[in-house]
Amino acid sequence: MKQELPDLASVEVFGERIAARLRAGDVIALTGNLGAGKTTLARAILLALGHEGEVPSPTFTIIETYDAPPLRLPAVHADFYRLERPEEAAEIGLDDYREGAALIAEWPDKAGGFAQESQCLSICLEFADEGRIAIVEGGEDWLGRMP
Ligand SMILES: Nc1ncnc2c1ncn2[C@@H]1O[C@H](COP(=O)(O)OP(=O)(O)O)[C@@H](O)[C@H]1O
Ligand SMILES: [Mg+2]
């Protein structure tokens, strides 16, 4: 599926659509170059899930966690860019963080990738004029969930 994101308002709406369908165990895998809008979409999803206030970029911390409540379900926002080996994701305890939560991951391939999981929604962000285009591909569990 192709989703046009011509401006920041459209990212907010897209984030709301994803958040409304999100379940524990899901992965939202965000790919795209630096500046493509991964963190912006992650923020939109977290705000739509009920987070209030800032959403720091996890560039340096690698993982930021968000509790429920106030969120509708617990969420983990990760940026794996700084991992040198995919095994480091397990070493920092990713599986424990993911327990009962939804994972929103930037640079997922640096952690070995999640597309093999049926609950993974892969979103590739590309530059298009002033805005972006999202190429969306869902695992089996997302079939019928993301019209
Ligand atoms: N759909 C969009 N249309 C216009 N600007 C956008 C869009 N998505 C993101 N941006 C802008 O692009 C810049 C980089 O976004 P960011 O989310 O930090 O990228 P990334 O996390 O992929 O490096 C930000 O200034 C953001 O406001
Ligand atoms: Mg980012």
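All values derive from a computational prediction rather than experimental measurement. (Residues numbered from 1 in each chain as written. Chains lettered and ligands numbered in written order. Predicted model: local features only at pLDDT ≥ 70, side-chain atom pairs only at ≥ 80, totals over all residues. Heavy atoms only, no water.)

1. As for the nonpolar core
Membership of the largest hydrophobic core comes to 29 residues, with the highest contact counts inside it found for Phe 14, Ile 28, Ile 45 and Ile 123. Looking at this core, the elements that each hand over two or more residues are α1 (8-21), β2 (27-31), α2 (38-48), β5 (102-106), β6 (120-128) and β7 (131-138). The dominant element in this core, judged by the number of residues it contributes, is α2, at five residues. The contacts of Ile 45, once residues within four sequence positions are left out, are Gly 15, Ile 18, Ala 19, Leu 22, Ile 28 and Ile 104. (Core = buried A, V, L, I, M, F, W, Y, C linked by side-chain atoms within 4.5 Å. Buried < 20%, exposed > 50% of the residue type's maximum accessible area, 1.4 Å probe, protein only. Helix = DSSP H or I, 4+ residues; strand = E, 2+ residues; numbered from the N terminus. Contact = heavy atoms within 4.5 Å.)

2. What to know about the coordination of the magnesium ion (ligand 2)
The coordination sphere of the magnesium ion (ligand 2) contains the protein donors Thr 39 (OG1) and Glu 106 (OE), at a distance range of 2.1 to 2.4 Å. Placement of the pair is Thr 39 in helix α2 and Glu 106 in strand β5, with a sequence separation of 67 residues. Residue Glu 106 is classed as buried on the basis of its relative accessible area, which comes to 2%. (Donors = N, O, S within 2.8 Å, 3.2 Å for Na, K, Ca; no water.)

3. Let's talk about the pairing of β2
Across the five residues that make up β2, a large majority, four, are buried. Of the pairings in the sheet, the one linking β2 to β6 comprises five bridges and is parallel in character. Bridging from a neighbouring strand, Val 27 pairs with Cys 120 of β6. (Pairing = 2+ DSSP bridges.)

4. With respect to the layout of surface pockets
Within this model, the largest pocket holds a volume of roughly 200 Å³. Looking at the lining of the largest pocket, the element that brings in the most residues is α2, giving three residues. In the lining of the largest pocket, the residues fall into four nonpolar, six polar and three charged. (1 Å grid on protein atoms, 1.4 Å probe; cavity = no way out; pocket = protein on both sides within 12 Å on 5 of 7 lines; lining within 4 Å. Points joined across faces, edges and corners; volume = space filled by probe spheres on them. Nonpolar A, V, L, I, M, F, W, Y, C, P; charged D, E, K, R; others polar.)

5. Examining the site of ligand 1
Looking at ligand 1, there are 17 residues lining it, with Gly 35, Lys 38, Thr 39, Thr 40 and Arg 132 nearest. The backbone of Leu 5 places a nitrogen or oxygen atom 2.9 Å from a nitrogen atom of ligand 1. Between Lys 38 and ligand 1, the recorded distance is 2.7 Å, taken from a side-chain N or O atom to an oxygen atom. A total of 570 Å² of accessible area belongs to ligand 1 in isolation, and the protein chains cover 71% of it. For the shell around ligand 1, the secondary-structure elements that each account for two or more residues are α1, α2 and β7. The element that contributes the greatest number of residues to the shell around ligand 1 is α2, accounting for three residues. A per-class count over the shell around ligand 1 returns six nonpolar, six polar and five charged. (Near = heavy atom within 4 Å. Polar contact = N/O pair within 3.5 Å; in protein donor to acceptor, adjacent residues only side chain to side chain. Areas by Shrake-Rupley, 256 points an atom, 1.4 Å probe, with all protein chains shown as cover.)

6. A word on the pattern of salt bridges
Here the structure, examined in full by the defined rule, presents six salt bridges. Residue Asp 141 pairs with Arg 23 through a salt bridge whose shortest N-O separation is 3.5 Å. Placement of Asp 141 in the segment after β7 and of Arg 23 in the loop between α1 and β2 is noted, with a sequence separation of 118 residues between them. What makes Asp 141 partly exposed here is its relative accessible area of 30%. Arg 23 sits in the partly exposed class, given a relative accessible area of 43%. When the shortest N-O distance is used, the salt bridge between Arg 85 and Glu 91 registers 3.3 Å. Classification of Arg 85 by relative accessible area gives partly exposed; the value is 38%. Because the salt bridges share partners, they merge into one network encompassing Arg 23, Asp 26, Asp 141 and Arg 145. (Salt bridge = Lys/Arg side-chain N within 4 Å of Asp/Glu carboxyl O.)

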